[in-house]
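The lines below spell out each chain.
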Amino acid sequence: VWFDFNQAVKETMDDLQHTTKKHKLVADFTETGHIYSDKDRISQVITNLITNAIKYSPHTDQIIISTRLKNNEAIACVQDFGIGIPDNKKDRVFEQFYRVSGDKQHTFPGLGLGLYISSEIIKREGGRMWVNSVEGKGSTFCFALPVEGNEQ
Ligand code: ATP
Ligand code: MG
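What you see is a predicted model, and the numbers here were worked out from it, not measured in a lab.

Caption draft 1: Summary view of helix α1 (residues 5-17). A rise of 1.5 Å per residue sets the reference length of α1, with its 13 residues, at 18 Å; its end C-alpha atoms lie 18 Å apart and thus fit the reference within 8%. Every buried residue belonging to α1 is among F5, N6, A8, V9 and T12, and all of these are buried. One side of α1 holds all its buried residues, which, seen down the axis, span an arc of 165°. The inward-facing, buried residues of α1 abut β1 (2-4), β2 (24-29), β3 (34-36), α2 (39-55), β4 (62-70) and β5 (73-80).

What follows is the structure, given as structure tokens:
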């Protein structure tokens, strides 16, 4: 269906803000208009990215969720200032069951499926997904979905 991309991101953010007292989910939106996609699946992807951002930033509280429109794509990014991902492991985090092991102070529970499922959903919806990260500084996960010409 057609849905307002920013509104869907905002709804998911508001749901997840209730799950954490420590972290502050900050919206940095620019107008993206409506996209034609599977709203529930896209919300699931945003949920996966935000729950990761919360889980993998145990010592910082800001998580910035941004949206923008660029070259006929609606883009959403989730930025945290947490543990980050080593350079040589970044390419693998979208693989099924792949997990980067935690540091000495922390073990983070999980199956290694969230990003795999998310990237499969985004591919099926005609989009793409990527990550920028610096170990010890934080990560930014983004996805882009095509915006059809005849928006309504
Ligand atoms: P789950 O299946 O519950 O989502 P998971 O969080 O371990 O388990 P993914 O969400 O697929 O699995 O993430 C894969 C791995 O990528 C994680 O185990 C973690 O090592 C790394 N990762 C994902 N998101 C982040 C992040 N925001 N910061 C640092 N590392 C991350
Ligand atoms: Mg996860």
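What follows continues from the structure just given.
Caption draft 2: Structural view of the packing of α1 against α2. Running from N to C, α1 and α2 cross one another at 45°; their axes reach a closest spacing of 9 Å. Put simply, α1 runs oblique to α2. The hand of the α1/α2 crossing is right-handed. Note on element contacts: α2 touches α1 through K39, I42, S43, I46, T47, I50 and T51, opposite A8, V9, T12, M13 and L16. Grouping the amino acids of the contact of α1 with α2 by side-chain chemistry returns seven nonpolar, four polar and one charged.

Caption draft 3: Broad picture of the sheet that holds β4. One open sheet accounts for five strands, arranged β2-β4-β5-β7-β6; its pairing is mixed. Across the chains shown, the open sheet's two edge strands, defined by having one partner strand only, are β2 and β6 (128-134). When strand polarity is set aside, the average angle formed by the axes of neighbouring strands in this sheet is 15°. By the bridge criterion, eight bridges tie β4 to β5 in an arrangement that is antiparallel.

Caption draft 4: Geometry of the site of ligand 1. Ligand 1 sits among 21 residues. The nearest are Y56, V100, G110, G114 and L115. Here the residues of the shell around ligand 1 sort into 11 nonpolar, eight polar and two charged.

Caption draft 5: Local environment of the pairing of β4. Inspection of the sheet shows β2 paired to β4 by six bridges, in the parallel sense. Residue A27 lies in a different strand from β4, and its bridge partner there is I65. What sits between the antiparallel neighbours β4 and β5 is a turn of two residues, in which N71 has the positive phi angle 45°.

Caption draft 6: View of the environment of K21. With respect to the element layout, K21 can be found in the loop between α1 and β2. A C-alpha to C-alpha distance of 9.3 Å links K21 and D61, two positions 40 residues apart in sequence.

Caption draft 7: Seen up close, helix α3 (residues 114-124). Three or more residues of α3 are buried, namely L115, S118, S119, I121 and I122. Considered in projection along α3, the buried side chains sweep an arc of 160° and stay on one side of the axis. As for α3, its buried residues are in contact with α2, β6 and β7 (138-146). Note on α3: the residue one or two positions beyond its end, G126, has a positive phi of about 85°.

Quick notes on the rules
- Residues numbered from 1 in each chain as written.
- Chains lettered and ligands numbered in written order.
- Predicted model: local features only at pLDDT ≥ 70, side-chain atom pairs only at ≥ 80, totals over all residues.
- Helix = DSSP H or I, 4+ residues; strand = E, 2+ residues; numbered from the N terminus.
- Expected span 1.5 Å × (residues − 1).
- Buried ≥ 20, exposed ≤ 12 C-beta atoms within 10 Å, placed from the backbone.
- Arc of directions from axis to C-beta.
- Contact = placed C-beta atoms within 7 Å.
- Axes fitted to C-alpha atoms, helices over the stretch in contact; angles between N-to-C directions.
- Parallel < 35°, antiparallel > 145°, perpendicular 65-115°, else oblique.
- Left-handed = near helix turned anticlockwise from the far one by under 90°.
- Nonpolar A, V, L, I, M, F, W, Y, C, P; charged D, E, K, R; others polar.
- Pairing = 2+ DSSP bridges.
- Near = placed C-beta within 6 Å.

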